[in-house]
Amino acid sequence: MIINRDRYLKQLTAKKWNGKIKVVTGLRRCGKSFLLNTLFVEHLLKEGVKSTDIIILALDEAANAKYRNPLELDAYFRELVKNKRRKYYVLLDEIQKVESIPNPYLPAESGELIGFVDVLLGLMKLPNVDVYVTGSNSKMSSKDIVTEFRDRGDEIHVCPLTFNEFYAAYEGEKRYAWRDFWHYGGMPYAMQLSSHEEKARYLQDLFQLTYIRDVIERNKVKADTGVLETLLDITASAVGSLTNPSRLANTFLTEQKLKIKSDTVDLYLGYFVDSYLLCKSQRYDVKGRSYISTPLKYYYSDVGLRNARLNFRQQEENHIMENVLYNELVARGFRVDVGVVPYHWKTGDGKTIHSQLEIDFIVNKGFRRIYIQSALNLTYVQSRANSESRRDAKHNVDSKEKREQEINSLMRVDDSFQKIVVVKDDIIPWTDESGIMYVGIEEFLLKRIDELLNS
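Notes on the structure follow. (Residues numbered from 1 in each chain as written. Predicted model: local features only at pLDDT ≥ 70, side-chain atom pairs only at ≥ 80, totals over all residues. Heavy atoms only, no water.)

**Topic: the sheet that holds strand 3 (residues 88–93)**
Point 1. Strand order in the open sheet formed by 5 strands is 2-3-6-1-7, with parallel pairing between adjacent strands. Across the chains shown, the open sheet's two edge strands, defined by having one partner strand only, are strand 2 (54–58) and strand 7 (153–158). The mean inter-strand angle of the sheet, taken between neighbouring strand axes irrespective of direction, is 20°.
Point 2. Across 6 bridges, strand 1 (residues 21–26) lies against strand 7 in parallel orientation. Looking across to strand 7, one finds that Val24 is bridged to Ile156.
Point 3. Where helix 2 (residues 32–46) meets the sheet, its contacts fall on strand 1, strand 2, strand 3, strand 6 (129–134) and strand 7, and the angle it forms with strand 3 comes to roughly 165°.
Point 4. Packed on one face of the sheet, helix 4 (residues 116–124) meets strand 1, strand 3 and strand 6 and runs near 150° to strand 6. (Pairing = 2+ DSSP bridges. Helix = DSSP H or I, 4+ residues; strand = E, 2+ residues; numbered from the N terminus. Axes fitted to C-alpha atoms, helices over the stretch in contact; angles between N-to-C directions. Contact = heavy atoms within 4.5 Å.)

What follows is the structure, encoded as structure tokens:
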């Protein structure tokens, strides 16, 4: 099954020959190698690049173990690209497999090491070589690789499949695509499996045999690893809920009878965020124009992994829908925050009540901002001037009040940026008298925002 990843392919092609090392990052098994070694190579061949000018090396294969020595790797590539009249594309998979070794040309006491960074920076300086790498495992995450290269690396971050990508490749009846997506998520290989048992086993094995093991080995976690697993369970159960390390530590104490320091919880959460398994979204005070450090929200980078973590027992579609929306907005390149709108009102006896209203997502890109609210079921019947009966009129008023409760936070933002309410129902997009657009979840995920706003 060929799944197109056009968003990332365009990013790769736009960065060709830009003088930097292109670093493809992302959650393990989300399709980084396929993007680089299949889709990008196919693009190059269609553009007329000769296959002999595309050099691919998978460093996780035993046959290439020799090149995990940086000096051997350097010598290998320099021999292959020595024809200065040709332009070469160098594609390296699992670059972190290259070991750092003592510089053999200096005394041992110097302590100087040579590693993959030295090799790649040397190749980058050759005018006839364009370099691309992927890498992430227990030894080094792909985020570390970007840090190593600093301003000399150019990141292409790959996410699990979006619903648009999933829908395009879905081979069953399209009307079941959303059901399967929010249940099993967008890990590419899971999409190729047919039964629930196969999909569930694959996603659960990813946790045990890949993600958790990587986090433990990479960060040298020596404490009870059950704490890591319990933390994943707790965050999966409360995905999209406001929390912080102190609250989570209290949850361990009350529910698990385990006393865990909040600093330890924070450290472990950081491990999962660094591995791209979890994402965190900070709160932003819309009127105060400032960030609120705590509490914040955590989302799973793939809802199928979240569901598998809970053995597919907790299927609250409202939480899953919110998680899907978050992942979609991140994949589209937006910075995604949780909105906070201070709200003050007086009771009948004149007492002032201070509260906060929440906007699910404030998304920013450059100078653009959009407010987005996720509403699983939003019942609203527009008022009709000529109601057939008092009963119809009463229904319209009640429905309008319910809608206004859902959009209360949006109504209290007084700037001119676009406001959108995304609902589960399949509806024709429409805009109310306050300029708030309403759209169904599938249509929102399948279309660009500009398409919706201009429809």
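After that view of the structure, there is still more to cover.
**Description of a nonpolar patch on the surface**
Point 1. Together, Leu71, Tyr105 and Leu106 give the surface a local cluster of nonpolar side chains, amounting to about 320 Å² of exposed area.
Point 2. Examined against the element boundaries, Leu106 turns out to sit in the loop between strand 4 (101–102) and strand 5 (113–114). (Patch = residues over 30% accessible without salt bridge, like charges linked within 9 Å, V, L, I, M, F, W, Y side chains within 5 Å. Areas by Shrake-Rupley, 256 points an atom, 1.4 Å probe, with all protein chains shown as cover. Salt bridge = Lys/Arg side-chain N within 4 Å of Asp/Glu carboxyl O.)

**Some points on the packing of aromatic side chains**
Point 1. Applying the stated criterion across every chain, the model contains 23 aromatic pairs.
Point 2. By the ring-pair criterion, three or more aromatic residues cluster together here, those being Phe163, Phe166, Tyr167, Tyr170, Trp178 and Phe181.
Point 3. Stacked on the ring of Phe207, the Lys or Arg Arg309 has its end atom at 5.2 Å from the ring centre. (Phe/Tyr/Trp six-rings, centres within 6.5 Å; stacked < 30°, edge-to-face > 60°. Lys NZ or Arg CZ within 6 Å of the ring centre and 35° of its normal.)

**Concerning the layout of surface pockets**
Point 1. Taken as a whole, the second largest pocket encloses approximately 350 Å³ of empty space.
Point 2. Around the second largest pocket, the lining comprises 18 residues; the ones closest to its centre are Arg29, Cys30, Gly31, Lys32 and Phe34.
Point 3. Contributing elements (two or more residues each) for the lining of the second largest pocket: helix 2 and helix 8 (188–191).
Point 4. In terms of residues, the lining of the second largest pocket owes the most to one element, helix 2, which gives 3 residues.
Point 5. Split into classes, the residues belonging to the lining of the second largest pocket amount to 7 nonpolar, 4 polar and 7 charged. (1 Å grid on protein atoms, 1.4 Å probe; cavity = no way out; pocket = protein on both sides within 12 Å on 5 of 7 lines; lining within 4 Å. Points joined across faces, edges and corners; volume = space filled by probe spheres on them. Nonpolar A, V, L, I, M, F, W, Y, C, P; charged D, E, K, R; others polar.)

The values reported here are purely geometric and, on their own, carry no functional implication.
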